[in-house]
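Here are the chains, one letter per residue:
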Amino acid sequence: MNITIREATKKEAVLIADLSQRTFLETFTTSNTEENMHKFLHEQFTRGKLIVEVGQPNLQYFLAYVGHQIAGYVKLREGMQPEAIKKENGLEIARLYASKEFIGKGIGKALMEQSIEVAKGKNKQVIWLGVWEKNSRAIKFYQDWGFIKCGEHDFLLGNDLQTDWLMKKHI
């Protein structure tokens, strides 16, 4: 499979917002109530909020393509580190998603490689992320890349207070 990764521009904000909502729904709908998913998508994860994120100075987005078809994306963020990572110079993988039809086809691998290269280029000590404690597929993926659990934090999905694992990898 020929995968191309390129940095997104502000002009692609609508594409990223729509892809963000679609992949979030694909990933979490079966594990959460319709009410909580609806509330989250219409209050915290709105298309408008997602569009505004693109182009912010502390954020970078990279898009994965298979041919001309968008297959996934990663959102990298600097500057907001939890206590468990505060003493280390880190880059956050704030989101890493592949479209459902591309899961298991190397999209996550390509986006992770890009993220690590960006972190190295910025002279970061660690790359870190938060992942829902019940998302075993994602946790295994990150563990296979050498990420280790280093803490937890709360994540509010609608009215459901969930726990995310904080995971990091030294680079």
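So, how was this worked out
Residues numbered from 1 in each chain as written. Predicted model: local features only at pLDDT ≥ 70, side-chain atom pairs only at ≥ 80, totals over all residues. Heavy atoms only, no water. Helix = DSSP H or I, 4+ residues; strand = E, 2+ residues; numbered from the N terminus. Contact = heavy atoms within 4.5 Å. Pairing = 2+ DSSP bridges. Axes fitted to C-alpha atoms, helices over the stretch in contact; angles between N-to-C directions. Salt bridge = Lys/Arg side-chain N within 4 Å of Asp/Glu carboxyl O. Core = buried A, V, L, I, M, F, W, Y, C linked by side-chain atoms within 4.5 Å. Buried < 20%, exposed > 50% of the residue type's maximum accessible area, 1.4 Å probe, protein only. Arc of directions from axis to C-beta.

Looking at the environment of Tyr97
At step 1: In this fold, Tyr97 is placed in strand S4 (residues 90–98).
At step 2: In the structure, Tyr97 is positioned 14 residues away from Leu111 in sequence and 8.8 Å away in space, judged by C-alpha atoms.
At step 3: Leaving out residues up to four positions away in the same chain, Tyr97 has contacts with Thr23, Phe24, Thr27, Phe28, Ala71, Gly72, Tyr73 and Leu111.

So, the sheet that holds strand S3 (residues 69–77)
At step 1: With respect to topology, seven strands assemble into an open sheet ordered S1-S2-S3-S4-S5-S7-S6, the strand pairing being mixed. The strands lining the two open edges of the sheet, one partner per strand, are strand S1 (3–7) and strand S6 (148–157). Put simply, the sheet's adjacent strands are angled 25 degrees from each other on average, direction ignored.
At step 2: Relative to strand S2 (residues 59–66), S1 is paired through five bridges, and the arrangement is antiparallel. Each bridged residue has a counterpart across the sheet, and for Ile5 the counterpart in S2 is Ala64.
At step 3: Against the sheet, helix H4 (residues 107–121) touches S1, S2, S3, S4, strand S5 (126–132) and strand S7 (160–170), its axis set at about 165 degrees to S4.

What about the pattern of salt bridges?
At step 1: Scanning all chains against the criterion turns up 13 salt bridges.
At step 2: Put simply, Glu53 and Arg95 hold a salt bridge, and the shortest N to O gap is 3.1 Å. Of the two residues, Glu53 sits in helix H3 (residues 47–53) while Arg95 sits in strand S4, which places them 42 residues apart along the sequence.
At step 3: Salt-bridge contacts for Lys124 lead to Glu78; the nearest nitrogen and oxygen are separated by 2.8 Å. Of this pair, Lys124 sits in the loop between H4 and S5 while Glu78 sits in the loop between S3 and S4, placing them 46 residues apart in sequence.

Digging into the nonpolar core
Soluble globular proteins tend to pack their nonpolar side chains together in the buried interior.
At step 1: Ile93, Ile107, Val131, Tyr142 and Phe147 are the most contacted members of the largest nonpolar core, which totals 26 residues.
At step 2: For this core, the secondary structure elements donating two or more residues are S2, S3, S4, H4, S5, helix H5 (136–144) and S7.
At step 3: In terms of residue count, H4 provides more of this core than any other element does, six residues in total.
At step 4: Counting 22 residues, the second largest nonpolar core, distinct from the first, contains Leu19, Phe28, Phe45 and Tyr61.

Notes on helix H2 (residues 34–44)
At step 1: Taken as a whole, H2 has its buried residues at Asn36, Met37, Phe40 and Leu41. Each buried residue of H2 sits inside an arc of 125 degrees when the element is viewed along its axis, so together they form one side. Looking at H2, the residues exposed on the side facing more than 90 degrees away from the buried face are Glu34, Glu35 and His42.
At step 2: Looking at the buried positions of H2, the neighbouring elements they touch are helix H1 (13–28), S6 and S7.

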